[in-house]
Amino acid sequence: MSFELFSLENIQEFAQSYGYWAIFLGILLENLGIPLPGETVTLVGGFLAGSDELNYWLVLGDAVTGAVIGGTFGYWIGRVGGWPFLLQVGNIFRISETRLLSIKDQFSENAAKAVFFGRFFALLRIFAAPLAGIAEMSFGKFLVYNLAGASAWAGVMVTLAFFAGRIVSLEQLVAWVSQFAILALLILVAVIVVPIWWESRQVKHLGE
């Protein structure tokens with residue numbers, strides 16, 4: 001499928017043509033794991049609300065509802081079939097089950113934070129819910145953090161586009177938010193990967 005389908009111009013055209021359904025389905029599908037630019041869809045919705053083409057509260061409601069429903073499906077996908085799939089991936093990359101169990105336990109300790117704050121990070125927004133299911137986070141707890149995270153993320157994105165869209169162009173706004181999301185993801189990866197690398201190096205050093 002051509003990436004041109006997901007260009008900013010096409011997304012804006014879809015949102016103008018199909019209104020609230022385009023926003024709801026775009027965010028829902030992204031949260032199901034389909035690589036759609038849900039963040040851009042949300043910004044476009046807020047921008048159109050700021051230009052009085054759509055209603056702010058309905059756009060916000062669409063964003064929250066789509067994110068919550070999509071995240072819930074993602075959770076159950078991870079809970080039902082995520083672990084066997086992860087084991088297969090581990091075999092391909094020669095990662096032992098013991099190591100995967102250790103990573104699973106580490107994620108379980110921070111699952112609530114990942115579900116809530118993951119909304120604000122590129123890629124993690126897609127994978128946080130399935131990972132919470134794999135980590136066997138209780139559904140009740142997941143539902144609370146999923147709703148809270150979706151509400152906070154949608155509130156920030158829609159409101160930002162609603163007001164900032166009156167000052168800067170939509171293209172510039174989307175570019176800034178995308179750059180911030182990528183930078184935040186790189187920082188997060190560094191925070192997670194560096195300690196794990198350092199720990200494994202220390203263990204290897206002690207074993208010599």
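Calculation criteria
Residues numbered from 1 in each chain as written. Predicted model: local features only at pLDDT ≥ 70, side-chain atom pairs only at ≥ 80, totals over all residues. Heavy atoms only, no water. Core = buried A, V, L, I, M, F, W, Y, C linked by side-chain atoms within 4.5 Å. Buried < 20%, exposed > 50% of the residue type's maximum accessible area, 1.4 Å probe, protein only. Helix = DSSP H or I, 4+ residues; strand = E, 2+ residues; numbered from the N terminus. Domains from an automatic or database assignment. Contact = heavy atoms within 4.5 Å. Axes fitted to C-alpha atoms, helices over the stretch in contact; angles between N-to-C directions. Parallel < 35°, antiparallel > 145°, perpendicular 65-115°, else oblique. Left-handed = near helix turned anticlockwise from the far one by under 90°. Nonpolar A, V, L, I, M, F, W, Y, C, P; charged D, E, K, R; others polar.

Enquirer: Give me the nonpolar core: which residues, what numbers.
Expert: Ile27, Leu43 and Val44 are the most contacted members of the largest nonpolar core, which has 31 residues in total. Looking at which element gives the most residues to this core, the answer is helix α8 (residues 139-164), with eight residues. Counting contributing residues per domain, this core is built from domain 1 (8-168) and domain 2 (169-207), each supplying no fewer than three. Look past the residues within four positions of Ile27 in its chain and what remains in contact with it is Gly38, Val41, Thr42, Ala63, Gly66, Ala67 and Trp153. Ranked by size, the runner-up nonpolar core spans eight residues in total, among them Tyr75, Val115, Met137 and Phe142.

Enquirer: Please give an account of the packing of helix α2 (residues 20-31) against helix α3 (residues 38-50) that cites residues and values.
Expert: Two numbers describe how α2 lies on α3: the axes approach to 8 Å, and their chain directions differ by 160 degrees. Between α2 and α3, the angle falls in the class roughly antiparallel. Helix-helix and strand crossings are classified by hand; for α2 and α3 the assignment is left-handed. From α2, Ala22, Ile23, Gly26, Ile27 and Glu30 reach across to α3, where they touch Gly38, Glu39, Val41, Thr42 and Gly45. Residues that form the contact of α2 with α3 fall into these classes: four nonpolar, four polar and two charged.

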